[in-house]
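Inside the fold
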Amino acid sequence: MRPLLLSAMLISSGCVSMAYIQDPLEQYLISQQPELALAELEQQQYKTRDQTLYHLNKAVLLRMQRKFDESNVELETAKQIITKLEALSLREQATAITVNDAMRSYLPPPFERAMLYSLKIINYLELNDIKGARIETLQLDVFLKQNFEKKEPPFARYLSGLVFEANNELSDALISYRKAYQAYKADNLDVPRQLQTDLLRLTEYQGLADEHQGYLKEFNLKRWTKQAELKPQGELVVIVFNGLAPRKHETAINVQDPSSGQLHRIAIPFYEERSSQVDHFELQNGIDKNSSEAFEQIDEKAYANLTEQMPGIITRAVARVAVKNKLSDNMADKNPLLGVVTNIATFISEQADTRAWYSLPQQILISRMILQPGKHEIDITLKNTANVTVAKKSSKLVALQQQKQFYSWHWPASTATSRRDEHARITYSTTIRHHID
Amino acid sequence: MKNKLTGVITLASVLVVGGVLQGCSTSVERMAAEESVDLSGDWNDTDSRLVSEEMIADVLSRPWISSFVNGQGKQPAVIVGEIRNLSYEHINVNTFVGDMERELINSGKVEFVASSSERGEIREERRDQELHSTEATRNAMGREVGADFMLKGSINSILDTEGKTQVRYYQIDLTLISMADNRKVWVGQKKIKKLVKKPGLRW
């Protein structure tokens, strides 16, 4: 019987290596071909439990083609599905304990759901529908309050501030900027210089002297745009979605019980690390030149989320080992061959849940430029770490007084630089063995 | 005995499969437009209809109408201006405005003039008539009825959530403003409060 079991181990190892094959959708994304990526997405057979991912990916591919209305339809569909999935399914939980975690419907983690709202807001902003963006911002606020006790995603709060500013609600804008500032602080991250100037500008305008002095002391900025200077001007806000979110892969710990010969397998997900082609971008209008700043590292959010989820993932995996071994034992009592076949089947079915919203960017870059009312020719130049131009876009726009215009650009080009499977094995193997013992 | 057992199993299988298939099919049931059905707890047609009916009934029962009729000797002409949606929901304000227009017109107490977007289309048609219609059927420019009052308003909301339970509060504020001197002749307010409980379990 043992050769049969060992063959199962080898077959299962083959399954692991399959996870490293690059998704064609990812290849089309990296080569800036969202139309082909969308065609590929439509061909891929998404199971009912993965419908959320289908709509989320489709929404990104549509907005890359600047089809913002259609993108919002997909995001809203995903949002409605998620609302239904928030209720617990005992059937799916039971399947997760007996087969594997990927048998459950995909419920995006909070950081992905915050991005769902954020992308919908940006779609409205690019459609110049400030009212629509404002409504979505209020929904985002409810979501953030419900799902993040601390460490809110700072970009979501900063974006909310931009929407309120665009709607001329400066008090609400300051509240959102303040929350973004608190989020950066809670995460021990540097506060972007742009946010520093926004806080200084609005606290001064609202006459919040103590808070203003506090920021002055902390940021040590000599010059920032005053609200009175900004009021007669227009403004352009450019958002670049840089790189691609890291992908999850599977690593497994396979053990054979020397006494019974039974195979035990525990599969857990781990993240790869990615490197983006672009480091920053420059925004020029012939007079001024502004450089972008990173407002969110989505890859860091993804790593942190998986680390937070890992104790639950391991507990379920260990519980599955017990359930599956009991099943194999019961079968072996009736017929030894049936016991081996059951052991192989349960061994192979043990797979990690490696699903995630992979069309998200790795990082979000922002730059704002104040523009005098009138015609402008704007250049957006994407640059790498050596400050060499990677790509450039030029467009003409008419700036209007007190009006903010928004423009976003996806640049998914990136490569996986390393895999953290050894890290995952070393970090979690002791925990797993402790659970099994 | 064996045949009887087979029959029972067959019948049970048919019933189960039938039940499953029935569960999978789309069902359509026609209902009256005024019938109230709350599915998600979001703002819906019932909210729109109830608010417009109650608020228009209120505005038409107030003394500003009789004051205007006594002073001017004619019915007031009203136009519906912008109803701002400041709530957290994407509310179709057009159905709400439509409901209010219907209530105002059907009351017979006020005259109603077309909105600015509708006026643009009608003026275009009138210009077209000047070129292409016979003199007897042509409608001349410059004979429109100007509005005496504009109805403006906003929809606001507050959402309080704890776990799977939400209290949704909507406040609708409407104001009737005199076009002649910007006086506010009527201010109306309607509040709606809903307790929404989401399911904790699903299949």
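Quick note: structure is the one above.
In what follows, the accompanying structure is described. Bear in mind that the values here come from a model prediction, so they are computed numbers and not experimental data.

The number of helices and strands found in chain B is five helices and six strands. Buried positions account for 33% of the 203 residues belonging to chain B. Taking the contacts inside chain B whose residues are at least 6 apart along the sequence as the reference set, 65% of them involve residues at least 24 apart. Total accessible area on chain B is roughly 13400 Å²; 53% of this is exposed by carbon and sulfur atoms.

With that settled, consider the overall build of chain A. Helix and strand counts for chain A stand at 16 helices and 12 strands. Counting across all 437 residues of chain A, residues that qualify as buried make up 55%. Put simply, 74% of the contacts in chain A that link residues at least 6 apart link residues at least 24 apart. Approximately 19600 Å² of chain A is accessible, and the part contributed by carbon and sulfur atoms is 52%. Of the side chains in chain A, 52 bear a positive and 53 a negative charge, and the two mean positions are spaced by 1 Å.

Turning to the sheet that holds strand 5 (residues 184-197) of chain B, a few remarks are in order. Residues and elements named next belong to chain B. Taking strand neighbours across the sheet as the criterion, the five strands line up as 2-1-3-4-5 in an open arrangement whose pairing is mixed. Looking at strand neighbours, the two that pair on one side only are strand 2 (111-112) and strand 5, the edges of this open sheet. Bridging between strand 1 (residues 77-85) and strand 2 involves two bridges; their strand directions are parallel. Each bridged residue has a counterpart across the sheet, and for Val 78 the counterpart in strand 2 is Phe 112. Lying on the sheet, helix 2 (residues 45-61) is in contact with strand 3 (149-162), strand 4 (165-178) and strand 5; it crosses strand 5 at an angle near 150°. The strands that helix 4 (residues 93-107) touches are strand 1, strand 2, strand 3 and strand 4; relative to strand 1, the one it contacts most, it runs at about 160°.

Right, let's talk about the packing of aromatic side chains for a bit. The way to describe two aromatic rings as a pair is by their centre distance and the angle between their planes. Residue and element names in this part refer to chain A. Per the counting criterion, the structure on display carries 14 aromatic pairs over all chains. Both rings, one in Phe 143 and one in Phe 148, keep their centres 6.2 Å apart while their planes meet at 75°; by these two values the pair is edge-to-face. Judged by its relative accessible area of 4%, Phe 143 falls in the buried class. Look at Tyr 215 and Phe 219: their rings are 5.5 Å apart centre to centre, the planes differ by 5°, and that puts the pair in the stacked class. Here the residue Tyr 215 and the residue Phe 219 both occupy positions in helix 12 (residues 209-219), the gap between them amounting to four residues, near one helical turn. The structure contains a cluster of three or more aromatic residues connected by ring pairs, namely Tyr 117, Phe 143 and Phe 148. Against the face of Tyr 358 rests Arg 247, its NZ or CZ located 4.2 Å from the ring centre. Taking the ring centre of Phe 347 as reference, the NZ or CZ of Arg 265 above it sits at 5.6 Å.

Before going further, it helps to spend a moment on the sheet that holds strand 5 (residues 280-284) of chain A. All names here are of chain A. Here four strands make up an open sheet; going across it, the order is 6-5-9-10 and the pairing antiparallel. Looking along the sheet, the strands with just one partner apiece sit at the ends: strand 6 (289-291) and strand 10 (389-399). Taken over all neighbouring pairs, the strand axes of this sheet differ in orientation by 20° on average, direction set aside. By the bridge criterion, 10 bridges tie strand 9 (residues 374-383) to strand 10 in an arrangement that is antiparallel.

Counting 113 residues, the largest nonpolar core has A:Trp357 and B:Ile172 as the members making the most contacts within it. Residue contacts for B:Ile172: discarding those within four places in its chain leaves B:Trp43, B:Val51, B:Met55, B:Phe96, B:Ser154, B:Ile155, B:Gly188, B:Gln189, B:Lys190 and B:Ile192. Ranked by size, the runner-up nonpolar core spans 19 residues in total, among them A:Leu236, A:Phe281, A:Ile378 and A:Trp409.

For the rest of this paragraph, the subject is the interface of chain A and chain B. Counting from both sides, the interface comprises 22 residues of chain A and, opposite them, 17 residues of chain B. At the boundary of chain A with chain B, total buried surface from both sides reaches about 1600 Å², with 51% on carbon and sulfur atoms. Looking only at chain A, the three residues that lose the most surface to chain B are A:Ala87, A:Arg91 and A:Ile135, adding up to 29% of its buried area. Linking chain A to chain B there are two salt bridges. Our count for the chain A to chain B interface comes out at 10 residue pairs in polar contact (both at pLDDT 80 or more). Breaking the side of chain A that touches chain B down by element, the ones donating at least two residues are helix 5 (68-85), strand 1 (88-89), helix 6 (90-98), helix 7 (110-126) and helix 8 (130-147) of chain A. Among the elements that make up the side of chain A that touches chain B, the one with the highest residue count is helix 8 of chain A (nine residues). Relative to strand 6 (residues 201-202) of chain B, strand 1 of chain A is paired through two bridges, and the arrangement is parallel.

Residues and elements named next belong to chain B. Residues Glu 118, Glu 121, Glu 125 and Asp 128 make up a contiguous surface patch of negative charge. Considering the arrangement of structural elements, one finds Asp 128 in helix 5 (residues 116-132). Residue class for Asp 128 comes out partly exposed when judged on its relative accessible area of 35%.

Residue and element names in this part refer to chain A. Looking at where Glu 211 falls in the secondary structure, it is placed in helix 12. The contacts of Glu 211, once residues within four sequence positions are left out, are Arg 178 and Thr 203. At a separation of 2.7 Å, a polar atom in the side chain of Glu 211 contacts the side chain of Tyr 215.

The next point concerns the side chain of A:Lys120. Structurally, the position occupied by A:Lys120 is in helix 7. Owing to a relative accessible area of 2%, A:Lys120 belongs among the buried residues under this scheme. Dropping the residues within four chain positions of it, A:Lys120 is found in contact with A:Asn72, A:Leu75, A:Glu76, A:Lys79, A:Glu136 and B:His90.

With that settled, consider unusual backbone geometry. Residues and elements named next belong to chain A. A positive phi angle, near 60°, is found at Asn 168, a position not held by glycine. Within the secondary structure, Asn 168 is located in the loop between helix 9 (154-166) and helix 10 (170-186). We note that Asn 188 has phi near 55°; this positive angle belongs to a residue other than glycine. Within the secondary structure, Asn 188 is located in the loop between helix 10 and helix 11 (193-205).

The full count for this structure, using the stated rule, is 53 salt bridges over all chains. Between A:Glu92 and B:Arg202 there is a salt bridge; the shortest N-O distance is 3.1 Å. Here A:Glu92, found in helix 6, pairs with B:Arg202, found in strand 6, and the two come from separate chains. The shortest N-O distance in the salt bridge between A:Arg316 and A:Asp101 comes to 2.9 Å. Of this pair, A:Arg316 sits in helix 14 (residues 298-334) while A:Asp101 sits in the loop between helix 6 and helix 7, and the two are 215 residues apart along the sequence. Taken as a pair, A:Arg316 and A:Asp101 share a single burial class, namely buried.

Cut-offs used in this document
Residues numbered from 1 in each chain as written. Chains lettered and ligands numbered in written order. Predicted model: local features only at pLDDT ≥ 70, side-chain atom pairs only at ≥ 80, totals over all residues. Heavy atoms only, no water. Helix = DSSP H or I, 4+ residues; strand = E, 2+ residues; numbered from the N terminus. Buried < 20%, exposed > 50% of the residue type's maximum accessible area, 1.4 Å probe, protein only. Contact = heavy atoms within 4.5 Å. Areas by Shrake-Rupley, 256 points an atom, 1.4 Å probe, with all protein chains shown as cover. Lys, Arg positive; Asp, Glu negative; His and termini not counted. Charge placed at Lys NZ, Arg CZ, Asp CG, Glu CD. Pairing = 2+ DSSP bridges. Axes fitted to C-alpha atoms, helices over the stretch in contact; angles between N-to-C directions. Phe/Tyr/Trp six-rings, centres within 6.5 Å; stacked < 30°, edge-to-face > 60°. Lys NZ or Arg CZ within 6 Å of the ring centre and 35° of its normal. Core = buried A, V, L, I, M, F, W, Y, C linked by side-chain atoms within 4.5 Å. Buried area = accessible area lost by both parts, 1.4 Å probe. Salt bridge = Lys/Arg side-chain N within 4 Å of Asp/Glu carboxyl O. Polar contact = N/O pair within 3.5 Å; in protein donor to acceptor, adjacent residues only side chain to side chain. Patch = residues over 30% accessible without salt bridge, like charges linked within 9 Å, V, L, I, M, F, W, Y side chains within 5 Å.

Fair warning: the whole summary comes from geometry, so function is off the table for now.
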